[in-house]
Amino acid sequence: MNKCEQLYEGKAKKVFATEDPEYVIVSYKDDATAFDGLKKGTISGKGVVNNRMSNYLMKLLEKQGVPTHYVEELSDRETVVRKVSIVPLEVIIRNVSAGSFAKRYGVEEGIVFAEPTIEFSYKNDDLHDPLLNSYHAVALGLATREEIENIKNMAFKINSVLKEYFKSLKVTLVDFKLEFGKLSDGTIVLADEISPDTCRFWDSETNEKLDKDRFRRDLGGVEDAYEEMMKRVFK
């Protein structure tokens, strides 16, 4: 499948058309941003890690019955995916308190929840992705109630599969962000990526952070953390 004109460039990826309108090619960049783009930088090799790890995890989820946009990995940085219209909801699943959750509710990081939580935010950079509930999402026409239920069920299933998988790698899946898209026939599938950019990964023995928090919080060792996750997934 051949790369045609560029359709879009975001913070972490470029998207190109192909000769088939049902498919696009995603190219992963090394650019890194945090805090709504206020902090910018480069994480060397990040694009390769995020592309290959996302593809591996999407294939793992497909085997467990979760539909995704993944089609074929073309190279270390480029992948063919099915073209989707993104549902403008960011879906956040949390297994352990961390990040904005800990800050918002004034609790310490590291509290393991009795059951996972889910929250939605409106995918809108100008508004800084505000939190919303399912009633707001329906009122704003972002998704129907049926679509939201479908997304919730898929998100919790993804969490169950990934939590067990990462546990086997001695990694705690603390929390993660998902995005879903609609195919041309309206089917909802998992889209975007699953990577150290979109997940919080802690070493299950030391609680060492193995994700983008090292960049956000100026902890150093960012590239090493991404490489470590890559090693564990592809051991």
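Higher on the page you've got the structure.
Chemist: Can you help me understand the pairing of strand β4 (residues 31–34) in this one?
Modeler: Two faces belong to every sheet, and in a regular strand the side chains alternate between them. Bridge count between β4 and strand β5 (residues 39–42): four bridges; the pairing is antiparallel. Within β5, the residue paired with Asp31 across the bridge is Thr42. Hairpin connection, β4 to β5: the antiparallel pair is bridged by four residues, and Phe35 has positive phi, about 55°.

Chemist: I tried to follow helix α6 (residues 222–233) on my own but got confused; where do I start?
Modeler: Because each turn of an α-helix spans 3.6 residues, side chains separated by three or four positions in sequence point in the same direction. Spanning twelve residues, α6 covers 17 Å between terminal C-alpha atoms, matching the ideal 16 Å at 1.5 Å per step. Within the span of α6, buried status applies to Val222, Ala225, Tyr226, Met229, Met230, Arg232 and Val233. Down the axis of α6, the buried side of the element spans an arc of 165°, and every buried residue falls inside it. Exposed side chains of α6 directed beyond 90 degrees from the buried face belong to Asp224 and Lys231. On its buried face, α6 is in contact with α1 (46–63), α4 (145–168), β12 (171–182), β14 (199–203) and α5 (213–216).

Chemist: Would you mind showing me how to read the packing of α1 against α4 here?
Modeler: Angle between the axes and distance between the axes are the two parameters that describe a pair of packed helices. For the pair α1 and α4, the least separation of the axes is 11 Å and the interaxial angle reads 120°. Between α1 and α4, the crossing angle belongs to the class labelled oblique. The two elements α1 and α4 cross, and the hand of that crossing is right-handed. Mapping the contact onto sequence places Tyr56, Leu57, Leu60 and Leu61 in α1 and Ile158, Val161, Leu162, Tyr165 and Phe166 in α4. Residue classes in the contact of α1 with α4 are distributed as nine nonpolar, no polar and no charged.

Chemist: I would appreciate a short explanation of a nonpolar patch on the surface in the present structure.
Modeler: A grouping of Tyr105, Val107 and Ile111 is seen on the molecular surface, where their side chains present a nonpolar patch of about 250 Å² in accessible area. Within the secondary structure, Val107 sits in the loop between α2 (99–105) and β10 (112–122). Residue classification places Val107 among the partly exposed positions, given a relative accessible area of 32%.

Chemist: Looking at this structure, I do not really get the environment of Glu193. What am I missing?
Modeler: Among the structural elements, Glu193 can be located in the loop between β13 (188–191) and β14. Remark: the alpha-carbon pair of Glu193 and Leu178, spanning 15 residues in sequence, is separated by 7.6 Å. In contact with Glu193, not counting residues within four places along its chain, are Ala12, Lys13, Tyr28, Asn50, Ser54, Met58, Lys177 and Thr198. A distance of 2.6 Å separates the side chain of Glu193 from the side chain of Ser195, its partner in a polar contact.

Chemist: Is there a simple way to explain the pairing of strand β1 (residues 6–9) in this structure?
Modeler: With three bridges joining them, β1 and strand β2 (residues 13–17) adopt antiparallel strand pairing. Across the sheet, the residue bridging to Gln6 is Phe16, located in β2. Where β1 folds back onto β2 in an antiparallel hairpin, the turn is made up of three residues.

Chemist: Looking at this model, I keep getting lost on the pattern of salt bridges. Mind explaining?
Modeler: In a structure, side chains of opposite charge can pair up when their charged atoms sit close to one another. Applying the stated criterion across every chain, the model contains 26 salt bridges. Between Glu147 and Lys182 there is a salt bridge; the shortest N-O distance is 2.9 Å. Of this pair, Glu147 sits in helix α4 while Lys182 sits in strand β12; the two residues are 35 residues apart in sequence, bridging distant segments of the chain. Residue classification places Lys182 among the partly exposed residues on the basis of a relative accessible area of 25%. The partner of Asp175 in a salt bridge is Arg200, and the shortest N-O contact between them spans 2.9 Å.

Chemist: Got a minute to help me understand unusual backbone geometry in this structure?
Modeler: Most peptide bonds adopt trans geometry, and most residues besides glycine take a negative phi value. For Asp129, which is not glycine, the phi dihedral falls at a positive 50°. Positive phi is not limited to glycine here, since Lys170 has a value of about 60°. The topology assignment puts Lys170 in the loop between α4 and β12. Exposure remark for Lys170: the relative accessible area of 45% places this residue in the partly exposed category.

The rules behind the values
Residues numbered from 1 in each chain as written. Predicted model: local features only at pLDDT ≥ 70, side-chain atom pairs only at ≥ 80, totals over all residues. Heavy atoms only, no water. Pairing = 2+ DSSP bridges. Helix = DSSP H or I, 4+ residues; strand = E, 2+ residues; numbered from the N terminus. Expected span 1.5 Å × (residues − 1). Buried < 20%, exposed > 50% of the residue type's maximum accessible area, 1.4 Å probe, protein only. Arc of directions from axis to C-beta. Contact = heavy atoms within 4.5 Å. Axes fitted to C-alpha atoms, helices over the stretch in contact; angles between N-to-C directions. Parallel < 35°, antiparallel > 145°, perpendicular 65-115°, else oblique. Left-handed = near helix turned anticlockwise from the far one by under 90°. Nonpolar A, V, L, I, M, F, W, Y, C, P; charged D, E, K, R; others polar. Patch = residues over 30% accessible without salt bridge, like charges linked within 9 Å, V, L, I, M, F, W, Y side chains within 5 Å. Areas by Shrake-Rupley, 256 points an atom, 1.4 Å probe, with all protein chains shown as cover. Salt bridge = Lys/Arg side-chain N within 4 Å of Asp/Glu carboxyl O. Polar contact = N/O pair within 3.5 Å; in protein donor to acceptor, adjacent residues only side chain to side chain.

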